[in-house]
Amino acid sequence: MLRAGLAAIDATARWSGRLAVLLFWVIGVIVVWEVAARYLFNAPTIWTEETARLVMVWGVYAAAALVLQERRLIAIDAVVRWLPPGLQRVQEIFVLLVILGFSTVAVIWGIGIVQESLAVGRASATMLRLPQWVFELPVPIGFTLLGLQALARVIRLSLGWEAPARSESAL
Amino acid sequence: MTAVIVLAVLMALLLLGVPIAFALGGLGLAMLAFADISLVMVPQGLLSGVDNFVLLAVPLFLLMSTVLLKGGVGQDLFAAVQSWVGHWPGGLAIATVISCALFSAISGSSVATAATIAVVAVPEMLRRGYPPPFVYGLIAAGGTLGILIPPSIPLIVYGVVTEESIPSLFLAGVIPGLLLAGGFILFALLYARFSDRFTPVAKASWAERRRASLRALPTLFIAATIFAGIYSGAFTPTESAGVGLALAVVVVMGLRWIDGQPPISLKLYWEAAEEATRTTVTILLIVVCAKIFGKAVTLYLIPQDVAMAITTHVTDAGTFILVVSVVLLILGFFLEALSMLLIVVPVLFPSLRAMGIDPIWFGIYFMILIECALITPPVGLNLFVLQAVAKAKLGEVVKGVWPFIAIMLGMVVLLTFFPQLALFLPFGL
C-alpha cells in the first residue's frame with residue numbers, strides 16, 4: 001500500500017516532467033512565431049509574449065518534482081560526501097525536510113493568492129486580460145508535487161528502502 | 001552584524017548540502033517569518049521570478065545548444081578547426097581553444113561547452129602525447145569562455161537581477177572573451193614550444209579542409225545571426241534565442257540528410273528538450289529562490305548596510321574592486337557560478353553607483369571571476385565535468401588549471417585598467 005503510494009508519487013512527477021518537456025518546445029514555437037509574424041508577415045501579434053511567459057511558468061513548476069527525483073538540484077557536496085553513510089542518511093533527510101517545509105509554505109500561501117484572484121476576478125494588465133489565477137495556479141500545484149516527492153524520499157530513506165545518494169547536477 | 005549572521009547561516013546550509021535554491025529560499029522565508037512579514041511574498045516571488053520575458057531566453061538558448069549537440073555539431077566544429085590549425089606546433093591545443101570559443105557563441109553555458117569539447121578533444125590530445133593535466137586544464141578553462149562570449153546564461157541572469165540591458169552585456173563580453181581565448185592560445189603555443197613530447201598532426205589537404213569547414217559553416221552562421229540580430233537591435237535576446245533554435249533545427253535536419261539519416265528524428269528533439277528542461281528548471285529554481293532571499297535581505301536593509309560599510313572604509317573604486325575580487329575568489333572556492341552571482345550582486349549593486357563603477361563593466365568583470373570559480377577546487381563545476389567526461393582524477397585536472405587561472409586574473413587586471421575593452425562595443429561606436 002505504502003509502496004504503491006510512493007510509486008504513484010514518482011510516476012506523477014515523471015509524467016508531469018514529460019508535460020514540461022512538451023511545454024518548452026511550445027515556448028520555442030511561440031517565440032519563433034512572434035519573430036516570423038513581425039518580420040515575414042509584417043503582422044506583430046499581441047498574444048505571443050504573455051502566452052510564452054505563461055507556458056514557461058507552467059513548464060518550470062511541472063518539472064520541479066522530477067528534478068528533485070533525479071537529484072539534479074545543484075548542491076555543494078564537498079563536505080557531506082565525506083560523512084559516513086549513517087550520517088549521510090540523516091543529512092539527506094534534513095535536506096528533504098527543508099524542501100518539504102518550503103514547499104508547504106509555497107502551497108498554502110500559493111492557494112491563498114489563487115483564491116484571492118478568483119474572488120476579485122483579477123486579470124493580467126495586458127491586452128489579453130488573462131485571469132491572473134491562470135498564472136498563479138502552477139505554483140501551488142508544482143510545489144505540491146515537489147513536496148510529495150520530498151516526503152516520499154524521506155519515507156524511503158527512513159525505512160531504509162533507498163540509499164542516500166549524491167546529487168548529479170549540471171549547469 | 002545581521003549581514004554576518006545571515007551569511008554564516010547561508011554558508012552553513014550550503015555546506016550541509018541543502019540545494020542552493022532551497023538554501024536561499026528557505027533562509028529568505030525564515031527571515032520574512034522572523035520579521036513578521038506576510039509569507040504571501042513567497043508564492044508571489046516564485047511566480048514573478050519566472051514570469052519574465054527576458055528569462056525565456058534561458059530555455060531557448062539551452063534548447064538550441066542541446067539540439068546542436070545531439071546533432072553532433074561539437075565534433076564537426078572541432079574537426080573543421082583542427083583541419084586548419086592542427087599541424088601547427090601545439091596545433092591541437094589551439095584547435096581546442098578555438099573550438100571552445102566558437103561553441104561558446106552558440107551555447108550560454110560553461111559546463112555544456114567544456115563537456116562538448118572534452119568529448120572530442122581529450123582522446124585526440126592524449127593520443128598525440130599531450131600531458132593529461134595540461135589537456136584537462138586547457139578544456140576546463142576553455143569551457144569557461146561559454147559564459148563570457150554571448151549568448152551567456154549567467155549574463156542574462158545578471159541583466160535580469162540588475163535590470164541592465166542584456167544586449168549591452170552580451171556585446172561587452174565579446175572583446176574580453178576573445179582576448180581571453182587569445183591568452184589561452186598564446187599559452188598553448190609557448191607550452192608547445194618548450195615541450196616536444198607530442199606528435200604533431202599531419203597537415204590536412206585542401207579537400208579535407210573544405211569538407212570539414214562546409215559542415216561547420218551552418219553552425220557558425222547561427223552564431224553570426226544571433227550576434228548580428230542582437231547587435232543591430234532586430235531581435236531581443238529572447239527572440240534571437242528563438243531564431244537560433246529554429247535555425248538549429250533546420251541545420252541539424254540538413255546535416256542528418258547529408259549523412260543519409262532520416263532528417264527528422266523525434267527522439268533527438270525529445271532528448272534535447274528533456275536535457276534543456278532539466279537544466280532550465282534547476283537554474284530558474286535558483287533564480288526564483290534568490291529573488292525571495294533578495295527581498296528578505298533588502299527588508300533587513302543589508303545591501304544598504306554593506307554599501308555604508310564599504311563607502312566608509314573604501315574610498316576609491318580601485319580598492320573596492322581589489323577587495324571584491326579577493327572576496328569573489330574566496331567564495332569561488334566553495335560556490336558555483338550562479339549562486340555566487342545571485343548572492344553577491346544584489347548585495348553589492350547599491351555600492352557600485354556610489355563608487356562610480358559602470359554596471360555593464362562590472363557584469364563582465366564579475367563573469368571572469370565566476371569563470372575562475374568554475375575551475376577553482378574544491379568546488380568547480382568544470383573540474384567535475386572533466387573528471388566525469390575524461391574519467392580523470394580530480395587531482396590531475398586541478399594540477400592543470402592553475403596557469404589558466406593566472407591568465408584569467410591577468411585579464412581581470414587588464415579589464416580594470418582598460419575598461420574600454422568591455423565598454424567599447426556596447427557604447428563606443
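It should be emphasised that the depicted structure is a prediction, and the values quoted were computed from it without experimental measurement.

S.K.: Could you give me a rundown of the overall build of chain A, with the residues and numbers involved?
M.R.: A tally of regular secondary structure across chain A gives 5 helices and 0 strands. Starting at the N terminus, the α and β elements of chain A follow one another as α-α-α-α-α. Computed over the C-alpha atoms, the radius of gyration of chain A is 20 Å, more than 25% above the 16 Å expected from 2.2 N^0.38 for a compact globule of 171 residues. The principal-axis extents of the C-alpha atoms in chain A amount to approximately 65 × 40 × 30 Å.

S.K.: Lay out the packing of aromatic side chains with the relevant residues and their values.
M.R.: As enumerated under the stated definition, the model contains 18 aromatic pairs over all chains in all. Their ring planes at 80 degrees and their centres at 5.8 Å tell us that Trp25 of chain A and Tyr269 of chain B sit as a pair that is edge-to-face. With one member in each of two chains, Trp25 of chain A in helix 1 (residues 2-39) and Tyr269 of chain B in helix 13 (residues 266-299) form a pair that bridges those chains. Classification of Trp25 of chain A as buried rests on a relative accessible area of 19%. Ring centres of Phe134 of chain B and Phe187 of chain B lie 6.2 Å apart, and the angle between their planes is 40 degrees; this geometry places the pair in the tilted category. Of this pair, Phe134 of chain B sits in helix 8 (residues 132-143) while Phe187 of chain B sits in helix 10 (residues 166-193), and the two are 53 residues apart along the sequence. What makes Phe187 of chain B partly exposed here is its relative accessible area of 22%. An aromatic cluster of at least three residues, connected via ring pairs, comprises Tyr130, Phe134, Phe184, Phe187, Tyr191 and Phe404 of chain B. Here the basic side chain of Arg3 of chain A rests over the ring of Trp161 of chain A, its NZ or CZ set 3.8 Å away from the ring centre. Here the basic side chain of Arg18 of chain A rests over the ring of Trp15 of chain A, its NZ or CZ set 4.4 Å away from the ring centre.

S.K.: Break down the interface of chain A and chain B for me, citing the residues and quoting the values.
M.R.: At the junction of the two partners, chain A supplies 54 residues and chain B supplies 66 residues. In total, about 5,300 Å² of surface goes out of reach between chain A and chain B, with carbon and sulfur atoms giving 80% of it. Inspection of the chain A/chain B interface yields 4 salt bridges. On the surface where chain A and chain B come into contact, there are 9 residue pairs in polar contact (both at pLDDT 80 or more). Where the side of chain A that touches chain B is concerned, the elements lending two or more residues are helix 1, helix 2 (48-69), helix 3 (85-120), helix 4 (133-136) and helix 5 (138-158) of chain A. Of the residues forming the side of chain A that touches chain B, the biggest block, 14 residues, is contributed by helix 1 of chain A. Considering only residue class, the side of chain A that touches chain B consists of 41 nonpolar, 4 polar and 9 charged.

S.K.: Could you give an account of the state of the cysteines, with specific residues and numbers?
M.R.: The full count for this structure, using the stated rule, is 0 disulfides over all chains. The structure places no disulfide on Cys372 of chain B, whose sulfur is separated from the nearest cysteine sulfur, that of Cys100 of chain B, by 16 Å.

S.K.: Can you break down the pattern of salt bridges residue by residue, with the values?
M.R.: Residues and elements named next belong to chain A. As enumerated under the stated definition, the model contains 18 salt bridges over all chains in all. Across the pair Arg156 and Asp10 runs a salt bridge whose closest N-O atoms are separated by 2.7 Å. In this pair, Arg156 sits in helix 5 while Asp10 sits in helix 1, placing the two residues 146 residues apart along the sequence. Take Arg156 and Asp10: they sit in the same class, and that class is buried.

S.K.: Mind laying out the nonpolar core, listing which residues take part and the relevant values?
M.R.: As a rule of thumb, nonpolar side chains are buried together in soluble globular proteins. With 213 residues, the main nonpolar core has Tyr61 and Phe143 of chain A together with Leu46, Phe320, Phe362, Tyr365 and Leu386 of chain B as its most contacted residues. When residues in this core are grouped by element, the largest group, 18 residues, is from helix 13 of chain B. Dropping the residues within four chain positions of it, Phe143 of chain A is found in contact with Tyr61, Phe102, Ser103, Ala106, Val107 and Pro138 of chain A together with Phe22 and Leu46 of chain B.

S.K.: Before we move on, can you summarise the environment of Thr104 of chain A with the specific residues and values?
M.R.: Residues and elements named next belong to chain A. Along the chain, Thr104 falls in helix 3. For Thr104, a relative accessible area of 37% puts it in the partly exposed group. Sequence separation of Thr104 and Pro140 is 36 residues, and the distance between their C-alpha atoms is 8.9 Å. A polar contact of 2.7 Å, which involves the side chain of Thr104, links it to the backbone oxygen of Leu100.

Reading guide: rules and limits
Residues numbered from 1 in each chain as written. Chains lettered and ligands numbered in written order. Predicted model: local features only at pLDDT ≥ 70, side-chain atom pairs only at ≥ 80, totals over all residues. Heavy atoms only, no water. Helix = DSSP H or I, 4+ residues; strand = E, 2+ residues; numbered from the N terminus. Rg over C-alpha atoms; globule rule 2.2 N^0.38 Å. Phe/Tyr/Trp six-rings, centres within 6.5 Å; stacked < 30°, edge-to-face > 60°. Buried < 20%, exposed > 50% of the residue type's maximum accessible area, 1.4 Å probe, protein only. Lys NZ or Arg CZ within 6 Å of the ring centre and 35° of its normal. Contact = heavy atoms within 4.5 Å. Buried area = accessible area lost by both parts, 1.4 Å probe. Salt bridge = Lys/Arg side-chain N within 4 Å of Asp/Glu carboxyl O. Polar contact = N/O pair within 3.5 Å; in protein donor to acceptor, adjacent residues only side chain to side chain. Nonpolar A, V, L, I, M, F, W, Y, C, P; charged D, E, K, R; others polar. Disulfide = S-S within 2.5 Å. Core = buried A, V, L, I, M, F, W, Y, C linked by side-chain atoms within 4.5 Å.

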